[in-house]
Amino acid sequence: LRSSDDTPVEYQRTIDRVMNELLLSLRMLASGHAASPAPDDRQKKVYVSYSRRDAEEAAQRVVDHLREHGFHVWFDHDIMPGSNWAFELEKNMQECDALVVLISPAASDSSGFIQKEMSYMLHLGKPIIPVVTKQPARLPYVLADLQYIDLSSDFDSGLRSLSKALQQATGPAH
């Protein structure tokens, strides 16, 4: 697990990642539920950001749709109890190919994780696809110049547009 070049922090992150993967596998086996499948080398990895206050149901529908259409999707429901929340967010943002940010009134007003996730993804230079689930009073500043997908008027049509946009934004499968 450890190379001579690893710092103690990197080593601890590796241990945390391996332990979280092991715990997830064991819990899923014990519960009889299937975990989010591990990505294969061809799947694009998508990180979904949303506000739990008013978009949790929409987030689950988006995640289910993207998984059904061949994307490996990560969102906060994949964090196992006892995991380091900040570490999981950062690791998954670094590993993803694109961010889908669900915009709702709560997300627009949020100065919390959603804003931080968008800023970090901009810093990483990764594509961000804004998706409006409920019309907000305004789009967050960092998204003001980006074309968004509107799920608020026709959810199914918006999901199809999202799949196409992600395929274009992330390029061909690895």
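It should be noted that the structure appears before, not after, this text.
Residues numbered from 1 in each chain as written. Predicted model: local features only at pLDDT ≥ 70, side-chain atom pairs only at ≥ 80, totals over all residues. Heavy atoms only, no water.

Some words on helix 2 (residues 56–68)
Look at helix 2: 18 Å from first C-alpha to last across 13 residues, which is about the 18 Å you get at 1.5 Å a residue. After helix 2 finishes, the residue G70 shows a positive phi value of roughly 90°. (Helix = DSSP H or I, 4+ residues; strand = E, 2+ residues; numbered from the N terminus. Expected span 1.5 Å × (residues − 1).)

Considerations on the side chain of N92
If you trace the backbone, N92 turns up in helix 3 (residues 85–95). Among the polar contacts made by the side chain of N92, one reaches the main-chain carbonyl oxygen of E88 at a distance of 2.8 Å. Look past the residues within four positions of N92 in its chain and what remains in contact with it is Y47 and W74. (Polar contact = N/O pair within 3.5 Å; in protein donor to acceptor, adjacent residues only side chain to side chain. Contact = heavy atoms within 4.5 Å.)

Considering the environment of E95
Among the secondary structure elements, E95 is positioned in helix 3. When the C-alpha positions of E95 and K44 are compared, they lie 10.0 Å apart, and in sequence the two are 51 residues distant. Those residues within four positions of E95 in sequence are excluded, and the remaining contacts are K45 and K126.

A look at the nonpolar core
The biggest cluster of nonpolar side chains holds 23 residues, and the ones touching the most others in it are L162 and L166. If you look at the next biggest cluster of nonpolar residues, it comprises 16 residues, including I79, L89, M93 and M118. (Core = buried A, V, L, I, M, F, W, Y, C linked by side-chain atoms within 4.5 Å. Buried < 20%, exposed > 50% of the residue type's maximum accessible area, 1.4 Å probe, protein only.)

Brief notes about the pattern of salt bridges
Taken as a whole, this structure holds three salt bridges when the rule is applied. Of the charged contacts in the structure, one is a salt bridge between R61 and D156, with a shortest N-O distance of 3.7 Å. With a gap of 95 residues between them, R61 in helix 2 and D156 in helix 6 (residues 155–170) connect regions that are remote in the sequence. On the accessibility criterion, R61 (37% relative accessible area) is partly exposed. Since its relative accessible area comes to 45%, D156 is described here as partly exposed. Salt-bridge contacts for K91 lead to E88; the nearest nitrogen and oxygen are separated by 3.8 Å. Of the two residues, K91 and E88 are both situated in helix 3; the distance of three residues between them amounts to about one turn of the helix. Judged on exposure class, the residue K91 and its partner E88 are both buried. (Salt bridge = Lys/Arg side-chain N within 4 Å of Asp/Glu carboxyl O.)

Focus on the sheet that holds strand 5 (residues 149–150)
Strand order in the open sheet formed by five strands is 2-1-3-4-5, and the pairing between neighbours is parallel. Taken across any chain shown, the strands that pair with only one partner, and hence form the sheet edges, are strand 2 (72–74) and strand 5. (Pairing = 2+ DSSP bridges.)

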